[in-house]
Amino acid sequence: KSGFVSIIGRPNVGKSTLLNHVMGQKIAIMSDKAQTTRNKIQGIYTTENEQIVFIDTPGIHKPHNALGDYMVESAYSTLREVDTVLFMVPADEARGKGDNMIIERLKKANVPVILVVNKIDKVHPDQLLAQIDDFRTQMDFKEVVPISALEGNNTEKLLEILKSNL
Ligand code: GDP
Ligand code: MG
């Protein structure tokens, strides 16, 4: 069984860190600087019976120039190419205009969306629950999965959910 999954979200939420963690090697570029993921980067996760193609995407922001516009559209273009979208948000930053803009595009796309709340190592459980509740008021998500891509917390659970949806 196989499927395509794209990871989208604002810059710096941890998209590339998740892909790197899943792949167990540094294949995407990680950085504190926004926009270091210039193009769609794919990683193929394989087990004996399953194959999941992950597409890491440039952070979605309000574009200021043609390159920015190209990168943002390249991230959105994955919505038409995948079976599931991982919409990643950080646990430690309140939902803002950037997230709302992405949510509007996700609602128009006809694809299941899993909300991945990353960086749970940075917040108290109460703050995590409040964040999840807040995002749930905006959209129906297929699943909500809190993780720490950096420390690998709950990333196995995320993989299990993706595998069960293949
Ligand atoms: P991207 O722009 O969404 O691809 O974000 P990156 O993967 O490049 O990560 C941006 C920054 O967030 C880096 O400094 C990462 O080390 C950090 N980061 C990513 N995931 C986590 C996490 O789960 N916990 C913490 N504390 N930091 C994280
Ligand atoms: Mg990146």
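The text that follows walks through the structure, step by step, so that each part is easy to find. In this text the structure is predicted, and so the values were computed from the model without any measurement. (Residues numbered from 1 in each chain as written. Chains lettered and ligands numbered in written order. Predicted model: local features only at pLDDT ≥ 70, side-chain atom pairs only at ≥ 80, totals over all residues.)

### Some thoughts on the site of ligand 1
(1) Moving on: Gly14, Lys15, Ser16, Thr17 and Leu150 are the nearest of the 20 residues found near ligand 1.
(2) Moving on: Here the element with the most residues in the shell around ligand 1 is helix 1 (residues 15-23); it accounts for three residues.
(3) Moving on: Class assignment for the residues of the shell around ligand 1 results in five nonpolar, ten polar and five charged. (Near = placed C-beta within 6 Å. Helix = DSSP H or I, 4+ residues; strand = E, 2+ residues; numbered from the N terminus. Nonpolar A, V, L, I, M, F, W, Y, C, P; charged D, E, K, R; others polar.)

### Some points on the pairing of strand 6 (residues 143-146)
(1) Moving on: Strand direction decides the pairing type here: strand 5 (residues 113-118) and strand 6, joined by four bridges, are parallel. Its bridge partner lying in strand 6, valine 116 is registered against valine 145.
(2) Moving on: Assessed by its sense of winding, the connection that carries the chain from strand 5 through helix 4 (residues 125-136) to strand 6 is right-handed. (Pairing = 2+ DSSP bridges. Right-handed = clockwise from strand over helix to strand, strands pointing away.)

### Let's talk about the pairing of strand 5
(1) Moving on: The buried count for strand 5 comes to six of six residues, which makes it a mostly enclosed element.
(2) Moving on: By the bridge criterion, six bridges tie strand 4 (residues 84-90) to strand 5 in an arrangement that is parallel. Looking at strand 5, one finds that methionine 88 is bridged to valine 116.
(3) Moving on: For the crossover from strand 4 across helix 3 (residues 97-108) to strand 5, the handedness is right-handed. (Buried ≥ 20, exposed ≤ 12 C-beta atoms within 10 Å, placed from the backbone.)

### Quick look at the sheet that holds strand 5
(1) Moving on: Spatial strand order, 2-3-1-4-5-6: six strands in an open sheet with mixed pairing. On the outer flanks of this sheet lie strand 2 (41-46) and strand 6, each paired with one strand and no other. Sheet twist, expressed as the mean angle between neighbouring strand axes with direction ignored, is 25°.
(2) Moving on: Here strand 2 runs beside strand 3 (residues 51-56); their pairing, made up of six bridges, is antiparallel. Each bridged residue has a counterpart across the sheet, and for glutamine 42 the counterpart in strand 3 is isoleucine 55.
(3) Moving on: Sheet strands touched by helix 4: strand 4, strand 5 and strand 6. Its angle to strand 5, the strand with the most contacts, is close to 155°. (Axes fitted to C-alpha atoms, helices over the stretch in contact; angles between N-to-C directions. Contact = placed C-beta atoms within 7 Å.)

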